[in-house]
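The chain contents come next:
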Amino acid sequence: MVDYLSKVLYVLTGSRKSLIFLLLIFIFTSILEAFGIGLVGPFISLASNPESIQSITVLDWAYRRSGFESPQQFIPIVGFIIIAIFCIQSLLYFISQTYIYRYTHQQKSRLISRLLKAYLDAPYTFYLKQNTANIIKNIISETNVFTQGCLLALLLFMTNGIVVGALIGLMAYSSSLLLVMILGILVPTFLLFNKLGHRFKRWGRTQSETQREMIRTINHGLGGLKETRVIGCEVYFENQIDRQARQYARAATLSQAASILPNIFIKTSLIVFVVLFVSLFHIFFTESEQDLTAVMGVFAVAAVRLIPASSQFISSMAKMRTSSHALDMLYLDLKEIEKREVHNRLESLSNSTAKVAVKPGNQYGKPLSFANQIELLNVTYSYPEASEPSLDQISFKIKKGESIALIGKSGAGKTTLVDVILGLLELESGDIKVDGVSIYDNLRSWQNLVGYIPQSIFLTDDTIERNIAFGVPDNQIDQGRLYKAIKAAQLEELVEQLPDGIKTEVGERGVRLSGGQRQRIGIARAIYHEREILVLDEATAALDNETESRVTEAINSLAGTKTLIVIAHRLSTVENCDRVYMLDKGRVVKSGSYQEVVLEG
Ligand SMILES: Nc1ncnc2c1ncn2[C@@H]1O[C@H](COP(=O)(O)OP(=O)(O)OP(=O)(O)O)[C@@H](O)[C@H]1O
């Protein structure tokens, strides 16, 4: 329980004061409720025998002070006070419940933002072992499970615990026999559900895992829709999701059905006990009939509140167990991302003399400028758990305005080198300097100098304009820069032909554009963002000759004004590059002009 609570507090965003405030409201309403219920028994006694007022200390004291002439006149006043207490308690209950809902929904929205920020800021290596289906599931679904299943259940568990405790105390005060009866019902129910705890946990895990698998299947089936259609494997994905949905439904049904059992169990046992109690009262006890009425009065009113409170107490315990897997998922991800952030911050503070530059995300140093050259110094990188380094002591210089090409067989290390240059992967050893300053002194500033055009450009389901000015709010888009970028990327003709021009929607992942048009939008994006250095990852590999020549033309027109780092498989596309580096097994095995490396090599 302590472990659970500390995880909830860790995942919780914002102030914890609201949580304490909520608990206090609940304690107050519970006390008020117990007090109101406590008055009902004596009130019934008083109503059936007004003269018994002398035996009820509190009422007798109040009666003497009130100045009423007979207890009969005093009875409606006591009734009115009881009604007032219950009305105030009900109002407070409504307010506190509304506050709880507001608090949990706010928590959910804050947690969604915090998670997305954490995932966006997470080191690139985090994604090498993470699946996007898992991330989507955590952001959309687990945040819901956390607020409804963990947070709300935890609040209900604690507050109902207080209510149950107060009511049991009241019953113990009214009759010890009642106490035995109530404990006789509640303790076995509690123990039974405590024993079922691991099942609730398993059902929760199954729901979480099947949800992740369903998102994965949808991603695979729809993400590769063309392939799915052409191969005709729709049934494969349909069967997969059908199986996963059925597994999910089974686990959800079991956990939901089991969580209403406490209510049924307690209600039935209570009726059995009440009937037995009333039937056997006169056999075992010598108390008067009025006493039985008073005791049963308290019992009936307490039961009205005790049944829902105790069953909610036990079912929220079950809910907490069901949601513990989701809590673990969120806790572990946030912890891992935070651990890396702290590590990076410490590194950035202590790394001024270190040889190894491992400070991704560092944005605290002076802004970097690029006037002369980029220098790679013994760049070495190994993927986590890999036995061999993918980059081994790579050193070379790139002058401003130069265009270089990286060539080599598949698996030679070209993409890894580009990812290192982009600052996505943390170096094992070595450094990258721009005008003599390590890029790791201010990685964000370095990344602001670099534009990346991958093989397959990521386009959002939005307009051409928004895809070029990617990440810039509409009111801040610079139209002059936009048209300059469109012109430089040779997109002018296309934009003029389209009825909606730059406002044309490109469709999901740019399906309404051709491969070459998508590539040129990627180039325009890099130009719009005024990046000095452009990294092109086999940008023309997937294009036909005519489109390729248009893209190459667009790239060549940038030569001289921009510094280009091009990965190419087609050797013809690197003909215009100033220098060519041939990689093999993570090392530079040959370098020089196109003539020296490609033609003479
Ligand atoms: N995420 C990863 N985890 C472990 N090893 C990896 C990972 N990504 C790449 N590698 C390994 O690193 C080496 C270099 O891969 P890289 O993708 O950089 O080659 P490449 O030259 O770009 O190949 P290609 O031209 O086929 O894209 C390969 O041996 C590859 O197996």
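Conventions and cut-offs
- Residues numbered from 1 in each chain as written.
- Predicted model: local features only at pLDDT ≥ 70, side-chain atom pairs only at ≥ 80, totals over all residues.
- UniProt positions renumbered as here; feature names shortened; annotations may be inferred.
- Near = placed C-beta within 6 Å.
- Helix = DSSP H or I, 4+ residues; strand = E, 2+ residues; numbered from the N terminus.
- Nonpolar A, V, L, I, M, F, W, Y, C, P; charged D, E, K, R; others polar.
- Pairing = 2+ DSSP bridges.
- Buried ≥ 20, exposed ≤ 12 C-beta atoms within 10 Å, placed from the backbone.
- Axes fitted to C-alpha atoms, helices over the stretch in contact; angles between N-to-C directions.
- Parallel < 35°, antiparallel > 145°, perpendicular 65-115°, else oblique.
- Left-handed = near helix turned anticlockwise from the far one by under 90°.
- Contact = placed C-beta atoms within 7 Å.

Identification of the chain as ABC transporter, ATP-binding protein from Coleofasciculus chthonoplastes PCC 7420 is taken from an unreviewed UniProt entry. Under the heading Subcellular location (unreviewed entry), UniProt records this for the chain: "Cell membrane".

Draft legend 1. Spatial organisation of the site of the ligand. Neighbouring the ligand are Leu-128, Tyr-383, Ala-386, Ser-390, Gly-408, Ser-410, Gly-411, Ala-412, Gly-413, Lys-414, Thr-415 and Thr-416. When residues of the shell around the ligand are assigned to their parent elements, the largest contribution, three residues, is made by helix α13 (residues 414-421). Tallied by class, residues from the shell around the ligand come to four nonpolar, seven polar and one charged.

Draft legend 2. Structural context of the pairing of strand β9 (residues 579-584). One ladder, built from five bridges, connects strand β3 (residues 403-408) with β9; its direction is parallel. Paired with Gly-408 across the bridge in β9 is Leu-583. Where β9 meets strand β10 (residues 587-592), five bridges bridge the pair, whose relative direction is antiparallel. Each residue of the ladder has a partner; that of Asp-584, found in β10, is Arg-587. What sits between β9 and β10 in their antiparallel hairpin is a turn of two residues, with Lys-585 showing a positive phi close to 50 degrees.

Draft legend 3. Structural view of the pairing of strand β8 (residues 563-567). For β8, the tally of buried residues reaches five of five residues, placing the bulk of the element in the interior. Burial along β8 is two-sided: Thr-563, Ile-565 and Ile-567 and Leu-564 and Val-566, pointing in opposite directions, are all buried. Pairing between β3 and β8: four bridges, direction parallel. Looking at β8, one finds that Ala-405 is bridged to Val-566.

Draft legend 4. Geometry of the packing of helix α16 (residues 479-488) against helix α18 (residues 515-528). Following both chains from N to C, one finds α16 and α18 inclined at 140 degrees, their axes separated by 8 Å at the closest point. Taken together, the axes of α16 and α18 lie oblique to each other. Crossing of α16 against α18: the hand is right-handed. Here α16 contributes Arg-481, Leu-482, Ala-485, Ile-486 and Ala-488 to the contact with α18, which in turn contributes Ala-524, Ile-527 and Tyr-528. A class-by-class count of the residues in the contact of α16 with α18 yields seven nonpolar, no polar and one charged.

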